[in-house]
Structure formats: C-alpha cells, structure tokens
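Given next are the chains, with one letter for each unit.
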Amino acid sequence: MIVITGAAGFIGSNMLQHLNRLGRSDLVLVDDFSSEPKRTNWCIASFNELLSPNEFFQWAENHIELIDYILHFGAITDDSIEEYSILKIWNVEYSQKLWSFATKKRIPLLYCSSAGTYGAGEQGFSDDTTKILNLRPQNLIDRSKHEFDCWVMKQSICPPLWAGFKLFDVYGPNETHKKNAASAIQLIYNQIIEDKKITLPIVSSNEQNKHEPLRDMIAVQDVCTVITWFMNHWPASGIYNLGTDYPRPMSAIAKIITAQLKIEIPISFSSEINALFKNYLSDNQANIRKLRNQGYKKSFYSLEQGIKKMLRRG
C-alpha cells in the first residue's frame, strides 16, 4: 500500500489521481476530510482507507507489512496563520514523527518542502546540502518547512529511501480551495473570470528597476511524475529542487490564459495589488542539476502546455 498524507489537498489529491491512472488503488489517504471545498478532490478516486492524521499511527502499527511507501504532502499552508506554534506542531513535529516511524519500520518516505525556503533568493536557488542550512525563509510557513529540512539533514539514521522536494510554483487542477494561497496562475485566472480585468504585480528597488517578477512554474502533473520516478528508480536520497529551470513573467501567464479562452483583456501593472501576489514578488529559478544528474531525463510541460491542460479540466 501507498500512504498519502494531505490527500484531500492540492498536490496530494493530484498524486492520488495520478496513481489511480497508473492502476494503483491500494492507497491509504490521510487528511482532514471534513472540508467540503476539498471533497471533489478525492471523493471519486479509488482507495482503501480514509484516516485522520491522528488515527494514522495506530493504523500503521497494525499494518506495517502492507506499507510500501509514505508520500507526505500534508501541511498547513494557510498563510493567514500567525502562530508559529501551530505550524510547528503540524509542519515540523508531525513530519518528524512520520520520519521516525518510516526509519524505524524501514519504509521509504518522500515529502514536499518548498522553494519558499530560499527566501528572496539572496543565496541563489541551489539544492546543494552545504548551503541549505544557511537559508533565510521570509514567512512562517516556509520557516516551518525549512526547520524540518534542517532537522532531516542532521539525522544519521534514515528511511531506506527518502527525498524532500523543494517545490517551486506548482499549478494545476484541485487548487481552487486554496483561495489567495493558490498559484499565480489560479490567481490570474480568477481575476479574468471574476473581475474581467488583469492587474499584475510590479516590484522595484528603485524607479529605474521596476519589473514584473520572473517565476519558475511547474505543472502538478510533472511533480507527480518525478515522485513516481523516485519510487520506481530509487536514486540517491536527499533534498531536491523541483521546478523547470525556465522562469516566465506573469504577463506570459495572462496572455496564455486569454488566448486559450479566446478573449482579449488588457494587462495593467500596479504595486497596489502586491498583497494578493505576496508569495510571488521575488524572482526564482530552480537549479535542477542534482535531479538531472540522478538520471531524470523527462522534459517538463511548457507553460503553454500546462495551462492548456489545466483549463481543459476546468
């Protein structure tokens, strides 16, 4: 069996559906399944068990011999939370408990970190482990992700296979429940549908340096494909960047969406809308040399391909 935490969320539900398409239905889903907006993410999928996070460990102790992998996507991502103690319980301590369980029971563990741990990118975007400890995340959620990454790198006893994926700007189906924490692509799409206008953020350190941010955006289908590849090939354990290495401006997103919808809407720029795009105001670009060096050769969806696929699924 494959355990998926955060299975009702954006990435977890896409991984669930991806595994179903590959013929896997021996899945144990772990999440809070009481959220009605998330219900459509998982309710028609094929799986064996639904468990709350607090139920999981007791269930797991009784079914150790059946667990092949733990895919850990569960985390608090609501950036309105201002109490780090809450994030520490779920994003750090629960993850540590999963790690310890997987280590003790010799179960492979793959988990999601975040490119937000790089902060504004002052130290670049290299997943070289000698540099990760010195990163300075800018918000509490990314701080909690970074805290777990740092803890992982200090462990001398590990699961038989483990990987932490520093995800760059993931987009795709099943993210509408995230509201303002959704991808920049979803936020721009919402503007087009709801407001019939497009206003994008502009950042600058001075009047001569105004520019729209360049972001490395990766389709969630590619994230699922990479994780499946790790499960099938068992490359070296470690922390890996997961992006396309090809950043694009947000105006490119807007133009692709309007072209797909066959509508014309002018694009304007304003620093007043930066609060909506607060997670996307700095440039980023994934260095994926480590992933490529492990033998992952598949190409990633272009932004045009990924947005077209996303819109076709509604």
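About the criteria used
- Residues numbered from 1 in each chain as written.
- Predicted model: local features only at pLDDT ≥ 70, side-chain atom pairs only at ≥ 80, totals over all residues.
- Heavy atoms only, no water.
- Patch = residues over 30% accessible without salt bridge, like charges linked within 9 Å, V, L, I, M, F, W, Y side chains within 5 Å.
- Areas by Shrake-Rupley, 256 points an atom, 1.4 Å probe, with all protein chains shown as cover.
- Salt bridge = Lys/Arg side-chain N within 4 Å of Asp/Glu carboxyl O.
- Lys, Arg positive; Asp, Glu negative; His and termini not counted.
- Charge placed at Lys NZ, Arg CZ, Asp CG, Glu CD.
- Helix = DSSP H or I, 4+ residues; strand = E, 2+ residues; numbered from the N terminus.
- Buried < 20%, exposed > 50% of the residue type's maximum accessible area, 1.4 Å probe, protein only.
- Phe/Tyr/Trp six-rings, centres within 6.5 Å; stacked < 30°, edge-to-face > 60°.
- Lys NZ or Arg CZ within 6 Å of the ring centre and 35° of its normal.
- Pairing = 2+ DSSP bridges.
- Axes fitted to C-alpha atoms, helices over the stretch in contact; angles between N-to-C directions.
- Contact = heavy atoms within 4.5 Å.
- Core = buried A, V, L, I, M, F, W, Y, C linked by side-chain atoms within 4.5 Å.
- Polar contact = N/O pair within 3.5 Å; in protein donor to acceptor, adjacent residues only side chain to side chain.
- Parallel < 35°, antiparallel > 145°, perpendicular 65-115°, else oblique.
- Left-handed = near helix turned anticlockwise from the far one by under 90°.
- Nonpolar A, V, L, I, M, F, W, Y, C, P; charged D, E, K, R; others polar.
- Expected span 1.5 Å × (residues − 1).
- Right-handed = clockwise from strand over helix to strand, strands pointing away.

Asks: Kindly report on a positive patch on the surface, identifying the contributing residues and their values.
Replies: The grouping of R21, K262, K308, K309, R312 and R313 at the surface amounts to a positive patch. Of note, K262 is situated in the loop between α9 (250–261) and β13 (267–270). Take K262: its relative accessible area is 73%, and that puts it in the exposed class.

Asks: For the packing of aromatic side chains, give the residues involved together with the corresponding values.
Replies: Tallying each qualifying case throughout the model produces 20 aromatic pairs. Measuring from ring centre to ring centre gives 6.2 Å for Y118 and F168, while their planes differ by 35 degrees; the resulting arrangement is tilted. Residue Y118 is located in the loop between β5 (109–114) and α5 (129–132), and its partner F168 is located in the loop between β6 (162–167) and β7 (169–171); the two are separated by 50 residues in the primary sequence. The aromatic ring of Y84 is capped on one face by R143, whose charged end is 3.8 Å from the ring centroid. The ring of Y240 has K290 lying over it, and the distance from NZ or CZ to the ring centre is 5.4 Å.

Asks: If you had to explain the sheet that holds β5 to someone new, which residues and values would you point to?
Replies: Taken together, seven strands build an open sheet; the order of strands is β3-β2-β1-β4-β5-β6-β11 and the sheet is parallel. Looking at which strands have only one partner, the edges of the open sheet turn out to be β3 (49–51) and β11 (238–242). Each strand axis lies, on average, 20 degrees off the axis of its neighbour in the sheet, ignoring direction. Examined bridge by bridge, strand β1 (residues 2–5) and strand β4 (residues 69–72) share four bridges and lie parallel to one another. Pairing of I2 across the sheet is with Y69, part of β4. Sitting on the sheet, helix α1 (residues 10–21) touches β1, β2 (27–30), β4 and β6, and the angle it makes with β1 is about 155 degrees.

Asks: I'd like a rundown of the nonpolar core, residues and numbers included.
Replies: In summary, soluble globular proteins display a tendency toward joint burial of nonpolar side chains. The biggest cluster of nonpolar side chains holds 69 residues, and the ones touching the most others in it are I4, F56, I70, L71 and F165. Sort the elements by how many residues they give to this core and helix α8 (residues 220–233) lands first, with eight residues. When near neighbours in sequence (up to four residues on either side) are disregarded, F165 contacts L110, Y111, C112, S113, S114, V226, I227, F230, Y240 and L242. Core analysis: the second largest hydrophobic core is formed by 23 residues, Y171, L200, A219 and M250 among them.

Asks: Kindly report on the environment of Y69, identifying the contributing residues and their values.
Replies: Here Y69 lies in strand β4. The class of Y69 is buried, set by a relative accessible area of 13%. Sequence-wise, Y69 and S100 are 31 residues apart; in three dimensions their C-alpha atoms are separated by 14 Å. Each residue touching Y69, except ones within four places of it in the same chain, is listed here: M1, I2, V3, I107, P108, M231 and W234. Engagement of the side chain of Y69 in a polar contact is seen with the side chain of W234, the distance being 3.1 Å.

Asks: Give a detailed account of the packing of α9 against helix α11 (residues 303–312), specifying residues and quantitative values.
Replies: Running from N to C, α9 and α11 point in directions that differ by 50 degrees, and their axes come no closer than 10 Å. Here α9 lies oblique to α11, going by the angle between them. Handedness of the α9/α11 crossing: right-handed. Of α11, the residues touching α9 (which contributes A252, I253, I256, I257, Q260 and L261) are L303, E304, I307, K308 and L311. Along the lines of polarity and charge, the residues of the contact of α9 with α11 split into eight nonpolar, one polar and two charged.

Asks: Provide a residue-level description of helix α6 (residues 140–153), including the pertinent values.
Replies: If you check α6, its first and last C-alpha atoms are 20 Å apart, about what 14 residues at 1.5 Å a residue would give, namely 20 Å. Taken together, the buried positions of α6 are occupied by I141, D142, S144, K145, H146, F148, D149, C150 and V152. Packing partners of the buried residues in α6 comprise α4 (84–105), β5, α5, β6 and β11. Capping the start of α6, N139 holds a side-chain oxygen 3.2 Å from the backbone nitrogen of I141, two or three residues further along.

Asks: So what's going on with the pairing of β5? Residues and values would help.
Replies: Along β5, six of the six residues are buried, which leaves the element largely enclosed by surrounding structure. The alternating pattern of β5 places L109, Y111 and S113 on one face and L110, C112 and S114 on the opposite face, and all of these are buried. As a crossover connection, the stretch from β4 through α4 into β5 is right-handed. Pairing analysis gives six bridges linking β5 to β6, with the strands arranged parallel. When the bridges of β6 are listed, Y111 appears paired with G164.

Asks: Which residues make up the pattern of salt bridges, and what are the values?
Replies: Applying the stated criterion to the full structure yields eight salt bridges. Between E147 and K88 there is a salt bridge, and its shortest N-O distance comes to 2.3 Å. Note that E147 is positioned in helix α6 and K88 in helix α4, a separation of 59 residues in sequence. Residue E147 is classed as partly exposed on the basis of its relative accessible area of 25%. Here K88 falls in the partly exposed class, since its relative accessible area comes to 28%. Between D149 and K166 there is a salt bridge, with its nearest N and O atoms 2.8 Å apart. Linking D149 in helix α6 with K166 in strand β6, this pair joins segments that are 17 residues apart in sequence.

So far we have only geometry, and geometry alone does not tell us how the molecule works.
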